Amino acid sequence: MGTVEPQAVAGAQAQLTDGFNLVVDAFKLNGIDTIFALPGIPITDLCRLAQAKGMRVISFRHEQNAGYAASIAGFLTQKPGICLTVSAPGFLNGLTALAHATTNCFPMILVSGSSEREIVDLQQGDYEEMDQLAIAKPLCKAAYRVLHAEDIGVGVARAIRAAVSGRPGGVYLDLPGKLLAQTMDAEAGRRSLIKVVDPAPRQIPAPEAVQRALDLLRGAKKPLVILGKGAAYAQADAEIRAFIERTGIPYLPMSMAKGLLPDTHEQSAAAARSFVLPEADVVMLVGARLNWLLAHGKGKTWGAKGPKEWGGQKFVQVDIWPQEADSNVRIDAPVVGDIGSCMQALLAGVGANWPKPPAEWLAAIAERKAKNIAKMAELLAKNPVPMNFHSALAVVRDIVRANPDLYLVNEGANALDFARSIVDMYKPRKRLDVGTWGVMGIGMGYAIAAAALTGQQVIAVEGDSAFGFSGMEIETICRYNLPVCVVVLNNNGVYRGTDVNLGGGTDPAPTVFVKGARYDRLIEAFGGVGAHATTPAELRAAIEQALASRRPTLVNAVIDETAGTESGRITNLNPKSAKK
Ligand code: OXT
Ligand code: ADP
Ligand code: MG
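Calculation criteria
- Residues numbered from 1 in each chain as written.
- Chains lettered and ligands numbered in written order.
- Predicted model: local features only at pLDDT ≥ 70, side-chain atom pairs only at ≥ 80, totals over all residues.
- Heavy atoms only, no water.
- Patch = residues over 30% accessible without salt bridge, like charges linked within 9 Å, V, L, I, M, F, W, Y side chains within 5 Å.
- Areas by Shrake-Rupley, 256 points an atom, 1.4 Å probe, with all protein chains shown as cover.
- Salt bridge = Lys/Arg side-chain N within 4 Å of Asp/Glu carboxyl O.
- Helix = DSSP H or I, 4+ residues; strand = E, 2+ residues; numbered from the N terminus.
- Buried < 20%, exposed > 50% of the residue type's maximum accessible area, 1.4 Å probe, protein only.
- Lys, Arg positive; Asp, Glu negative; His and termini not counted.
- Charge placed at Lys NZ, Arg CZ, Asp CG, Glu CD.
- Pairing = 2+ DSSP bridges.
- Axes fitted to C-alpha atoms, helices over the stretch in contact; angles between N-to-C directions.
- Contact = heavy atoms within 4.5 Å.
- Polar contact = N/O pair within 3.5 Å; in protein donor to acceptor, adjacent residues only side chain to side chain.
- Near = heavy atom within 4 Å.
- Nonpolar A, V, L, I, M, F, W, Y, C, P; charged D, E, K, R; others polar.
- Phe/Tyr/Trp six-rings, centres within 6.5 Å; stacked < 30°, edge-to-face > 60°.
- Lys NZ or Arg CZ within 6 Å of the ring centre and 35° of its normal.
- Core = buried A, V, L, I, M, F, W, Y, C linked by side-chain atoms within 4.5 Å.

(A) Representation of a nonpolar patch on the surface. On the surface, a nonpolar cluster with roughly 320 Å² of combined accessible area is contributed by Trp-292, Leu-293, Ile-570 and Leu-573. By secondary structure assignment, the location of Ile-570 is in the loop between β19 (553-558) and α24 (575-579). For Ile-570, a relative accessible area of 34% corresponds to the partly exposed category.

(B) Up close: a positive patch on the surface. A cluster of like positive charges, contributed by Arg-273, Arg-368, Lys-375 and Arg-569, occupies part of the molecular surface. Mapped onto the fold, Arg-569 is located in the loop between β19 and α24. Of the residues examined, Arg-569 reaches a relative accessible area of 68% and is grouped as exposed.

(C) Spotlight on the sheet that holds strand β12 (residues 314-319). Read across the open sheet, the five strands follow the order β10-β9-β11-β12-β13; overall the sheet is parallel. Because the sheet does not close on itself, it has two edges, and the strands there are β10 (251-253) and β13 (333-336). Each strand axis lies, on average, 15° off the axis of its neighbour in the sheet, ignoring direction. The strands that helix α15 (residues 339-348) touches are β11 (282-286), β12 and β13; relative to β11, the one it contacts most, it runs at about 140°.

(D) Layout of helix α2 (residues 19-29). Counted residue by residue, α2 has eight buried out of eleven residues, so it is predominantly covered. Listed as buried for α2 are Gly-19, Phe-20, Asn-21, Leu-22, Val-23, Val-24, Ala-26 and Phe-27. By the N-cap criterion, in which a side-chain oxygen at the helix start approaches the backbone nitrogen of a residue two or three places on, α2 is capped by Asp-18, the distance to Phe-20 being 3.3 Å. At the exit of α2 stands Gly-31, carrying a positive phi of roughly 75°.

(E) Examining the site of ligand 1 more closely. In the vicinity of ligand 1, 34 residues are found, and the nearest of them are Ser-274, Asn-414, Arg-420, Gly-438 and Asp-464. Asp-464 places a side-chain nitrogen or oxygen 2.6 Å from an oxygen atom of ligand 1. Taken together, the residues of the shell around ligand 1 sort by class into 19 nonpolar, ten polar and five charged.

(F) Quick look at the sheet that holds strand β17 (residues 484-490). Reading across from one edge, β15-β14-β16-β17-β19-β18 is the order of the six strands in this open sheet, with parallel pairing throughout. Each edge of the open sheet is held by one strand with a lone partner, namely β15 (431-433) and β18 (529-533). Taken pair by pair, the neighbouring strands of this sheet meet at an average axis angle of 15°, ignoring direction. The pairing of strand β16 (residues 458-463) with β17 spans six bridges and is parallel. Within β17, the residue paired with Val-461 across the bridge is Val-487.

(G) Here's a closer look at the packing of aromatic side chains. The full count for this structure, using the stated rule, is seven aromatic pairs. Between Phe-36 and Phe-60, the aromatic rings sit 6.2 Å apart at their centres with planes inclined by 65°, giving edge-to-face as the arrangement. In this pair, Phe-36 sits in strand β2 (residues 34-37) while Phe-60 sits in the loop between β3 (56-59) and α4 (63-77), placing the two residues 24 residues apart along the sequence. A relative accessible area of 1% places Phe-36 in the buried class. Between Arg-330 and the ring centre of Trp-310, over which it is positioned, the NZ or CZ distance is 5.7 Å. When the ring centre of Tyr-407 is taken as origin, the NZ or CZ atom of Lys-430, which lies over that ring, is 4.0 Å away.

(H) Summary view of the nonpolar core. Membership of the largest hydrophobic core comes to 90 residues, with the highest contact counts inside it found for Ile-240, Phe-243, Met-284 and Leu-432. Ignoring sequence-local partners within four residues, the contact set of Phe-243 consists of Leu-214, Leu-217, Val-225, Met-284, Met-343, Leu-346, Leu-347 and Val-350. If you look at the next biggest cluster of nonpolar residues, it comprises 41 residues, including Leu-22, Val-24, Ile-32 and Ala-149.

(I) Here's a closer look at the site of ligand 2. The environment of ligand 2 is formed by 19 residues, the closest being Arg-167, Lys-229, Arg-289, Asp-319 and Ile-339. Within the side chain of Arg-289, one N or O atom sits 2.8 Å away from an oxygen atom of ligand 2. One of the side-chain N or O atoms of Asp-319 is found 2.5 Å from an oxygen atom in ligand 2. Coverage of ligand 2 by the protein chains reaches 96% of its 580 Å² of free accessible surface. Counting residues per element, the shell around ligand 2 draws most heavily on helix α12 (residues 229-233), at three residues.

(J) Broad picture of the side chain of Asn-30. Along the polypeptide, Asn-30 turns up in the loop between α2 and β2. Note on Asn-30: relative accessible area 14%, which makes it buried. Among the polar contacts made by the side chain of Asn-30, one reaches the main-chain carbonyl oxygen of Ile-194 at a distance of 3.0 Å.

(K) View of the pattern of salt bridges. Under the defined criterion, the tally for this structure stands at 27 salt bridges. Across the pair Glu-324 and Arg-167 runs a salt bridge, and its minimum N-O distance is 2.7 Å. Remark: Arg-167 occurs in the loop between α8 (152-164) and β7 (170-176) and Glu-324 occurs in the loop between β12 and β13; sequence separation between them is 157 residues. Exposure remark for Glu-324: the relative accessible area of 7% places this residue in the buried category. Ionic contacts of the salt-bridge type, sharing partners, join the residues Arg-397, Asp-398, Arg-401 and Arg-540 into one network.

Right under this line is the structure:
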């Protein structure tokens, strides 16, 4: 297929179809209508044909960003996000995002064209030769290769099912160039496609597991619920809110679970995090793992004496993956199933006479919250020159409050950590950030996917280093005319702009960037709106203008270069500090 003639196969040669058409038809049959791609040999015509056949094809400047877009599309829609790349280097560029999707439990399919099997397997040096299937396998949930056109339907069906069923994750689908050009009888081809029935079957929890969890919670003196991004993914928003409100148990949202209930909810314990974790006696995890973000459920964060010791808490864990329980500490009441079904079952056991948590517990949390909120209010009330993270993010906080439907994408170190506690979220799945790996580079891919899929306004709050990982995609944002406003919190570097070269040479320190860089001018090269903000008032005006016009905008927000701390809130993870 040199150029795309979508009707040629179905028209002139009425009875034949080919691999290109079957791949597109298989995705469309399963309700997948968007592909995040970067064209080239052997998938250029696949991109063209997908567009010709009515799919939305968002074409990126780097596969990693297309991959991140696909991963967050999976999180937002519960359908696998599709990233389409060329062979070896394009595939490898997409692979980071595939591994990221798997790590974060987001459904995604990386579809890569590949070189000819017989040449690759004999290592005879084909164009972009690489055994992609073998390389992908350890980094994803499942990996498949299709060799015959008549198997495309099965290959796509297996990929979809693997991505979304059980614990969601990344799937690799390998499509050799030769496969795409293969022809077969059109009717047989049509019949070979599979519309996947019930791709993510409900998983109902065992009644005795539900009862065990309820008994533990009912007896708690200091209960706490932790909501994770699995809870956000599950789209069981009403059941989760009803459970929290009917039991009266305080809850802590993990970063991407913010907004499942509005952050201003009186039962939110977010502003008392370091108080509730060590104090709670029974903790119910809903779609959250006891990984590094929760200090593995032990140690000082949880009130224990030694770093590896148990704090004495009992745990309920609601999760779809049975092996998650006991991964870090003992789980006293695992409830295995999909969160919607589990929360429904738990809710059914919460009658009118459910005992509200002891008043002393609620009062202690309220007191701690009030203190932290007052401390925060004091910081936010200041108006330093130059701006610091607080004064800039207070503007974003107000804008999100006034526009709760917008998506907030967020990455950086200080730019991330300050935004997480300053900017309240009001609706589920609106805060999209670095996730389990704390990875930089998700910014523009996430922003593009959220804007393209939903048509909603996106604000991407980016550290200046973080922005650099995917910055070229502002051309993509302009090309598709997406309502994305990128706010670069520019403090001249990674964490801060003040480091000096310890060797005394003329090279800058490794964490320092060009001083006073004008990121706003980058977007102007592509016809977008650039704005330079040195005060909160200028920042507010620029973002409000972006929201009113819905035009692609980049605001370079000048932040005091001394304002940040090393690694933001996770300074303790740096080997030198960890040793102390
Ligand atoms: O309870 P206490 O008293 O402790 O207070 C807490 C809350 O109770 C309170 N709080 C509130 N107070 C008042 N009001 C409200 N509403 C409120 N809400 C909360 O605030 C505090 C803090 O609350 P929080 O945040 O909930 O609690 P805490 O203790 O911080 O939580 C712990 C964690 C672990 C859950 C949390 O810290 C967390 O989620 N952390 C995620 C951190 C993360 O992922 N960071 C990103 C990685 S850092 C580093 O790796 C970077 N790199 C290397 C690199 C990466 N990552 N990737 C790749 C591909 N290559 C390289 C790089 C290059 S960051 C980075 C770039 C950095 O430079 P930039 O220029 O981009 O960014 P700047 O730093 O801005 O310059
Ligand atoms: P966070 O980073 O917010 O703490 P994690 O990514 O660590 O969240 O945890 C998400 C958890 O949610 C994973 O253990 C995953 O198995 C689980 N999960 C994802 N989707 C569902 C679902 N639909 N039902 C039940 N559990 C789910
Ligand atoms: Mg910075």
